[in-house]
Structures are given as C-alpha cells and as structure tokens.
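Listed below are the residues making up each chain.
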Amino acid sequence: MFPTPVPKLVPNTYDFESKPMVKPTGFREYDARWLFGDEINLMGVQALGMGLGTLLGELGVARELVTGHDFRSYSASIKQALVNGLMAAGVKVHDIGLAVTPMAYFAQFDLDVPAVAMVTASHNENGWTGVKMGAARPLTFGPDEMSRLKEIVLTAAFDLSGGGSYVFHENFPARYLADITNRPKLKHPIKVIAACGNGTAGAFAPRALEMIGAEVIPMDAELDYTFPRYNPNPEDMKMLHAIRDAVLEHGAAVGLGFDGDGDRCGVVDNEGEEIFADKVGVMLARDLSALHPNSTFVVDVKSTGLFATDPVLIANGAKADYWKTGHSYLKRRVHALNALAGFEKSGHYFFNKPIGRGYDDGLVSAFAILDMLDRNPGKSMAELKNALPKTWGSPTMSPHCDDEKKYGVIDRVVKRFEEKRAKGELVAGQKIIDLVTVNGVRVVNEDGTWGLVRASSNKPELVVVVESPVSEARMREMFKSVDETLRENPEVGAYNQTI
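Worth saying up front: this structure is predicted, and the values here are computed from it rather than measured.

K.L.:
How would you sum up the overall build of the protein chain? Please name residues and give values.
P.N.:
Scanning the protein chain from terminus to terminus reveals 16 helices and 20 strands. Taking 499 residues into account, the globule formula puts the C-alpha radius of gyration at 23 Å, and the protein chain, at 22 Å, falls close to it. Seen through its principal axes, the protein chain has C-alpha atoms that stretch 65 × 60 × 40 Å. A buried classification covers 61% of the 499 residues belonging to the protein chain. The long-range fraction of contacts in the protein chain, counting pairs at least 24 apart against all pairs at least 6 apart in sequence, stands at 68%. Here the protein chain displays about 18200 Å² of accessible surface, and carbon together with sulfur accounts for 51% of that area.

Okay, here's the thing in structure tokens:
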C-alpha cells in the first residue's frame, strides 16, 4: 500500500522522506502547480504519477504517455519521481528529455501516443514546479479531469496494476525542429531579437528562427535556471523593457520573447514599444482573415474589444468568440468551433490547420508574426500596430490572494458589480452596459471602457486588466473603480505591477 498523501510536512525530517506530501490547492483548473519542498515532495510527485496512470485507465485511454521537463534545477528529479508513479500504474512512458512544452504536445502526434505529462512551472518563479497534462490530443485537461485526479491522489485510490515500461527518445528535439521548420523560408530578410530569459526556449528558439531564414540576435539564450536577469515571462515589463533595449541597440525589425516553457511569445516592435499579446492577436487576425475570409477567432475575456469592433476584421467577415481565460479552455474552444486561431492576452496562441495542430506553441506563434511581416514588406511592425484603432490598455496586473480565498473573493466581486448594475450605480463615472461573467467579471461602460477581474488559474493571485477606446484617463478611471471594489475585500494584497 502506498501511503495517503498529507497536505503539510516539515522538510529535513523523517516524515518528509517517508510520506507523500501534496497540498490540495496545487490541483488547478487545468494543470497542477506547487512550490517544491513547501507544498509537494518527491513522494507526492510519485503519488501524482500513480493517480494520473489510474485516471488514464478510468478515461478508457491506453496507458501510454509522453513526458519531458523544463530547465530548472529540480525538474529532472521531479520527472523521474513522476515516471516512477506512472510505471507503477502500468503506464508505458516515452521520455523526450529536456523540452519546451509544445515539443511534448508534438510528440503525442509524432510518436502516436495518447497522453502527455510535461513537467514545467511555465513562467512561474523559481521554486515552483508543475505538470501540464492531457489525454485527448491536442487538448489538455480541464476542471473535470483535474477534479477527479485530485480525488484519486488525495485519497490514494490508485490502480497499481504494474507492468509499466520506459523508453527514452534520444535527440527528440531534432524531430520537432525539423517538423515546424518544414515550410517555405521567409522571402525578405528580417532581423529578430530572440529573448529567452535563460529559460528552456534558449536551447531551441534562436536555431528554429534561423532555420526559416530570419537574421537572429539571441538574447539571454544561455540556459541558466537561476534566471539571473529576469523571470522568463513575456507579460513581465522587466523582460519587455530588456527586449526593447536590444531592439533599439541592434535596429531589429521585431523583438520576440519566449516564456519559461516555450508555449508563449511576447512582442516588441521596431520602435521599442511592447505590443500586448491581445493586440498582436488582432494584427494576426487581420493578416490571416485576409487569406481565410469568414474565419472564427476565439479570444479570452482579458483581451481587447477590437476583435469584435475592428473594421478590417468586420470587412473580412471575421467572427470573434470571447471565452474563458486559460490555455486549456481556449484550446478546447478553438477545437470545438474549428476556429482558425485562438488568442489569449497572456500570449498563448492556438492555430488550427493549415498553420498548426491546435495547441499552443511559442515558435509557431513567432513564425506567424514573421510571416505577417514578410507579407507586408513595405510596413514595419510599428506601422502595422499603429494601423489598428487606438485603445489604451493595461498590462496584466495581479494582486496577491491566497488560493484558498481567491474564488470566494471573486464571487463577492461579481455579486457587487451585479448589484451596482441593478441599482444603476456609476462605475468609473458611467453606467454599466454589460457584465460578462463567463470567467470572473468583465465590466463594460457606455463608452466601451472595460475592466476585468478574475482568479488566476495557476498562482495565488487575482488578475486585473483594463482598457479604454477613449483615452488613457478613462482607462485609469476604470482601474481606480475596479481596485476600489476589490479593496472591499481585506484578503486582497499588493499588486505585482500596476499602471
């Protein structure tokens, strides 16, 4: 019998080395994230593997799975503990080694394997670990699968039939790079900053961009799991400002920033201005809807309203579908609607055929951006951006809120805005004309200014985004109003960044 996991153990004790520790809040809406050593130990990771193998059996999926790990000091150890648990539950494990997350998704297709478990903390700071899982390519788990996995693991309801096996696929990255670069080369020379934040993408992104004909200037591409300059997160202004400096220094056409596990891509234009990922999505939607009229694009509720109002998209017959934030939710929605693409403000982009296989891949996104520039040789990235209707938008801002409390806070905030609307109270000086509550609450004013509050799906935080098509002042008014409503809840802490 394998012991039932407990939520808390003290490191450097007998119990810590003899019992599995798994904090329940690590099971998120669509993947798993824990602080290693504080919230999960290696025996806990082993229990997770046992639970995942058991769940595959319950789902009627062949017990065969691809795994890989990102570049952190402890990720390989965590992967091995996970593999031990999977094999105990009868899973045949295909290990592709050090990898970006999209490489593991690609391996499901290339190796014809139904399931995936990628060991990564994505863009989270050092100390975090996690697993992105799926059993129906190109999709990843949603709340139903994660809830059942949590139940299996925390009650130790394992089916440990044994009979698992292990295969290591040597030099698998070469197969992935050959596949994504099997396409026409760029027709025009494009100088690119490839910023990797010393994360996993540094081993692959500069080379892949060179393989399609870009002139590449690598930036922080040396692997260093201490992340000495900044966290590899293309939503983080520190990373974006570092890319800006490199773009201006080298006279690059564009700066591309990849997150810690390579499934997202951030953009800085040739003038050194960061373009938030939802605006890049509008630019790509314009480019792609000209080639594929009447296409559907799925976007998350944090994204700009331009997807629904941009005159070029309307003229091209493009349809916008606003959906829940989260890579798993967007991926499923893109698949369900057979949309051409999905765009998330965080930088997760999902391209269906003929561009991609439906999952998020930062390099495929980067290629789409370079193709857009290549099709517009007379226009710079800044000119393409400036051709969009002007809006003033914030970065993603995240005040701390404990995992155990954040969903209750959001419920109260949603109710509060519903009350304000019912009573005709003003928010940011105007009436509320719409409340979108598919994921938290998006409050929309009469002039189109809006603010969003939702719970983060992968950290003990809330998420706040505001935008106005009118002025920067209106954007700031909305932020002030949203923040005042948030501050009615003492559980809400300080922001990571604000406007």
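K.L.:
Lay out helix 5 (residues 143-154) in plain terms, naming residues and giving numbers.
P.N.:
Compared with an ideal rise of 1.5 Å per residue, which puts 12 residues at 16 Å, helix 5 spans 16 Å between its outermost C-alpha atoms and is within 8% of the ideal. Those residues of helix 5 not exposed but buried are Glu 145, Met 146, Leu 149, Ile 152 and Val 153. Looking down the long axis of helix 5, one finds its buried residues gathered within 125° of arc, a one-sided arrangement. Against the buried residues of helix 5 lie strand 1 (32-35), helix 2 (42-59), strand 5 (128-134) and helix 12 (327-337). Positive phi shows up at Ala 156, right after helix 5, with a value of about 55°.

K.L.:
Summarise the sheet that holds strand 13 (residues 319-323); cite the residues concerned and give the values.
P.N.:
Strand order across the open sheet formed by four strands is 13-12-14-15, with mixed pairing between neighbours. Only two strands of the sheet have a single partner each, and these edge strands are strand 13 and strand 15 (349-351). Neighbour-to-neighbour, the strand axes of this sheet turn through a mean angle of 15°, independent of strand direction. Bridge count for strand 14 (residues 341-343) against strand 15 is three bridges, and the pairing is antiparallel. Paired with Gly 342 across the bridge in strand 15 is Phe 350. Relative to strand 15, helix 9 (residues 277-291) is tilted by about 20°, and along the sheet it contacts strand 12 (296-300), strand 14 and strand 15.

K.L.:
Could you give an account of empty space enclosed by the protein, naming the residues involved and the relevant values?
P.N.:
A full pass over the atoms with the stated rule returns three cavities of 30 Å³ or more. Together, 15 residues line the largest cavity, and Pro 234, Glu 235, Phe 276, Ala 277 and Lys 345 are the ones closest to its centre. Counting residues per element, the lining of the largest cavity draws most heavily on strand 10 (residues 265-269), which supplies three residues. Looking at the lining of the largest cavity residue by residue, the classes come out as eight nonpolar, four polar and three charged.

What counts, and where the lines are drawn
- Residues numbered from 1 in each chain as written.
- Predicted model: local features only at pLDDT ≥ 70, side-chain atom pairs only at ≥ 80, totals over all residues.
- Heavy atoms only, no water.
- Helix = DSSP H or I, 4+ residues; strand = E, 2+ residues; numbered from the N terminus.
- Rg over C-alpha atoms; globule rule 2.2 N^0.38 Å.
- Buried < 20%, exposed > 50% of the residue type's maximum accessible area, 1.4 Å probe, protein only.
- Contact = heavy atoms within 4.5 Å.
- Areas by Shrake-Rupley, 256 points an atom, 1.4 Å probe, with all protein chains shown as cover.
- Expected span 1.5 Å × (residues − 1).
- Arc of directions from axis to C-beta.
- Pairing = 2+ DSSP bridges.
- Axes fitted to C-alpha atoms, helices over the stretch in contact; angles between N-to-C directions.
- 1 Å grid on protein atoms, 1.4 Å probe; cavity = no way out; pocket = protein on both sides within 12 Å on 5 of 7 lines; lining within 4 Å.
- Points joined across faces, edges and corners; volume = space filled by probe spheres on them.
- Nonpolar A, V, L, I, M, F, W, Y, C, P; charged D, E, K, R; others polar.

Scope: geometric values only; no functional claims are made or implied.
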